[in-house]
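Now for the letters of each chain:
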Amino acid sequence: MKRSGFYIIFLILLLMQSSTVFAWDFVVGYKRLLPRLGVSEQEYERESGGNFDIKPVVNNTVLGQSLLLAIKFETISVELEQSEYKYDSTIPATHAAVSEETDIECNTVENRLGITYNIERELAGIYAGVGLSSAKETLKSSSDKWEYQGISPFFKFGIDLILGSLIARYEQIHSSVGNHTVRVNSIGLLLAF
């Protein structure tokens, strides 16, 4: 265990040193998300067997968070981001998937891999990017679980406030999770090494 910790610290120091030599930055960040969902009916696979078309209803404000890792070379960044957001919903008693009105928790996990183009000046920057998002949406009740998995493209743009190695970011992402349309607004802090 101690040996693996040493290797991780060594790797981070190596990345920091090589970034000054080869003019690239290693960026890590955390963002809070406020997704806006356009929910449509789509097919979910039930854990206990069978597929059902379900249209979740958003009963509360959708909130989430994400972690970002990026390698930036001058104006181009390659970014890997994992985000998660949740909301509460219900399935009506008239639906074939349930026998009575059922409260469910909807949880979506997205892994995004993309490329962004950055334009920066002294204290500010703007950027736009594209990529692919792998999403897993889970609808979970007290007695059952339904899942959807898929891959879709995304487009994003944002504004950075650059304070040395600390970056404050506002971002908007447009994508889909199956038949659902997703627009994610986020604010966060990034640290560039």
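Worth saying up front: this structure is predicted, and the values here are computed from it rather than measured.

Scoring rules and cut-offs
- Residues numbered from 1 in each chain as written.
- Predicted model: local features only at pLDDT ≥ 70, side-chain atom pairs only at ≥ 80, totals over all residues.
- Heavy atoms only, no water.
- Phe/Tyr/Trp six-rings, centres within 6.5 Å; stacked < 30°, edge-to-face > 60°.
- Buried < 20%, exposed > 50% of the residue type's maximum accessible area, 1.4 Å probe, protein only.
- Lys NZ or Arg CZ within 6 Å of the ring centre and 35° of its normal.
- Salt bridge = Lys/Arg side-chain N within 4 Å of Asp/Glu carboxyl O.
- Helix = DSSP H or I, 4+ residues; strand = E, 2+ residues; numbered from the N terminus.
- Contact = heavy atoms within 4.5 Å.
- Polar contact = N/O pair within 3.5 Å; in protein donor to acceptor, adjacent residues only side chain to side chain.

Undergrad: How should I be thinking about the packing of aromatic side chains in this particular structure?
TA: Centre-to-centre distance and the angle between the planes together describe a pair of aromatic rings. Tallied over the entire structure, the rule returns 2 aromatic pairs. Relative to phenylalanine 157, the ring of phenylalanine 155 has its centre 6.0 Å away and its plane inclined at 40°; by these criteria the two rings are tilted. Assessed through its relative accessible area of 38%, phenylalanine 155 is described here as partly exposed. By relative accessible area, which is 33% here, phenylalanine 157 ends up partly exposed. Above the ring of tyrosine 127, the side-chain terminus of arginine 169 is found at 4.2 Å from the ring centroid.

Undergrad: Looking at this structure, I do not really get the pattern of salt bridges. What am I missing?
TA: For side chains bearing opposite charge, pairing can occur when the charged atoms are close. Here the structure, examined in full by the defined rule, presents 14 salt bridges. With its nearest N and O atoms 2.5 Å apart, the salt bridge here joins lysine 31 to glutamate 171. In this pair, lysine 31 sits in strand E1 (residues 24-38) while glutamate 171 sits in strand E9 (residues 166-177), placing the two residues 140 residues apart along the sequence. One salt-bridge network, held together by shared partners, links Lys31, Glu79, Glu81, Glu110, Arg112, Lys156, Asp160, Arg169 and Glu171.

Undergrad: Just checking my understanding: could you explain the environment of serine 89 for this structure?
TA: Within the fold, serine 89 resides in strand E5 (residues 76-91). When the C-alpha positions of serine 89 and aspartate 103 are compared, they lie 6.0 Å apart, and in sequence the two are 14 residues distant. Those residues in contact with serine 89 that sit more than four places away from it in its chain are Pro56, Val57, Asn59, Thr102, Asp103, Ile104 and Cys106. In terms of polar contacts, serine 89 uses its side chain to reach the backbone carbonyl oxygen of valine 57, at 2.7 Å.

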